[in-house]
Amino acid sequence: MSDLGAAQRQFGTGPLSRVAAIVYRLTVVELLLLVGVLPGLVPALLLARDSSNIALYAACAVPVGPALSAGLYAIARHRPDITDLNPAVDFRRGYRANLGGVLRIWLPLLAGLTIVAVNLAYFDAAGVPRWWAALLVLVAVAATVWGGIALVITSLFAFRARDVARLAAHFLTRTPGTSLGVLALGVVAAGITAYTSEAVLALAGSVLALLLLRTSRSMITAIEKEFTR
């Protein structure tokens, strides 16, 4: 009986099983992410890459926030035991639980970045000093990093939107490794979109979500220790 119990405990916890478990979870989460972003992805692929369509691109990005949040939630709930895998259940639970909180962060972020992008696209027509463009770029970069951090927080913790905003601003400078990691992922995502298409970026969604969680580990640990009971 003891040998049987040991075999049962070992099954699903070996190195190969752990690799299979994370690959399976990422695959399922990727499929669900694609379903979640599909309402915005299809029209985005049909739009011409022109500055006049900036606002439309922003509208197409609305479904990305809730879907990515659900993906982060599902991946964060990963367990290495291949006999205990429920990524689809975790994704749906995360989507429902985080939808309202994510949109309260995601929609203002998209609106702000849209305003900055439109100003940069028509910068010459505005007749303002060149240094203003550099300032707008810095604002956009800071807002993007803040948004990535806020998305992780609201996906994994049950805080009010204004508390999420404050915590994201706090950890923007407190955990520079997280901020630099989010910035690097943002650059990678922008590069993939610019040189290939939004579809390729969507296909890498679960891997980018995993990397976002890994680069945010120090921040997540600090929040668990200091701001939760």
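The structure we're discussing is the one just above.
This structure is a prediction, so every number in the text was calculated from the model and none was measured. (Residues numbered from 1 in each chain as written. Predicted model: local features only at pLDDT ≥ 70, side-chain atom pairs only at ≥ 80, totals over all residues. Heavy atoms only, no water.)

Asker: Any chance you could explain the nonpolar core here in plain terms?
Answerer: Side chains that are nonpolar tend, in soluble globular proteins, to be buried together. Core analysis: the largest hydrophobic core is formed by 44 residues, its most contacted members being Leu72, Ile75, Ile149, Val152, Ile153, Met219 and Ile220. Secondary structure elements with two or more residues in this core: helix H2 (15-46), helix H4 (64-76), helix H5 (87-121), helix H7 (130-156), helix H8 (161-174), helix H9 (176-195), helix H11 (205-215) and helix H12 (217-226). Counting residues per element, this core draws most heavily on H7, at eight residues. Leaving out residues up to four positions away in the same chain, isoleucine 75 has contacts with Arg25, Leu26, Val29, Ser206, Ala209, Leu210 and Leu213. (Core = buried A, V, L, I, M, F, W, Y, C linked by side-chain atoms within 4.5 Å. Buried < 20%, exposed > 50% of the residue type's maximum accessible area, 1.4 Å probe, protein only. Helix = DSSP H or I, 4+ residues; strand = E, 2+ residues; numbered from the N terminus. Contact = heavy atoms within 4.5 Å.)

Asker: How should I be thinking about the pattern of salt bridges in this particular structure?
Answerer: Pairing between side chains becomes possible if they bear opposite charge and their charged atoms approach one another. Throughout the structure, instances matching the rule amount to six salt bridges. In this structure, the salt-bridge partner of aspartate 90 is arginine 93, at a minimum N-O distance of 3.1 Å. Linking aspartate 90 with arginine 93, this pair stays in helix H5, spanning three residues, or about one helical turn. For aspartate 90, a relative accessible area of 9% gives the class buried. Judged by relative accessible area, which is 38%, arginine 93 ranks as partly exposed. (Salt bridge = Lys/Arg side-chain N within 4 Å of Asp/Glu carboxyl O.)

Asker: What should I look at first to understand the environment of leucine 180 in this one?
Answerer: Position of leucine 180 relative to the elements: it lies in helix H9. Once the C-alpha coordinates of leucine 180 and valine 145 are considered, the two residues, 35 residues apart in sequence, prove to be 8.2 Å apart.

Asker: Looking at this structure, I do not really get the packing of H5 against H7. What am I missing?
Answerer: Two quantities define a packed helix pair, namely the angle between the helix axes and the distance between the axes. At their nearest, the axes of H5 and H7 sit 10 Å apart, and the two run at 170 degrees to each other. As far as their axial angle goes, H7 and H5 are roughly antiparallel. Seen from H5, the contacting residues are Asn98, Gly101, Val102, Ile105, Leu109, Leu113, Val116, Asn119 and Leu120; seen from H7, they are Ala133, Leu136, Val137, Ala140, Ala143, Thr144, Trp146, Gly147, Ala150, Leu151, Thr154 and Ser155. Its residues assigned to classes, the contact of H5 with H7 comprises 14 nonpolar, seven polar and no charged. (Axes fitted to C-alpha atoms, helices over the stretch in contact; angles between N-to-C directions. Parallel < 35°, antiparallel > 145°, perpendicular 65-115°, else oblique. Nonpolar A, V, L, I, M, F, W, Y, C, P; charged D, E, K, R; others polar.)

Geometric values such as these leave the question of function open.
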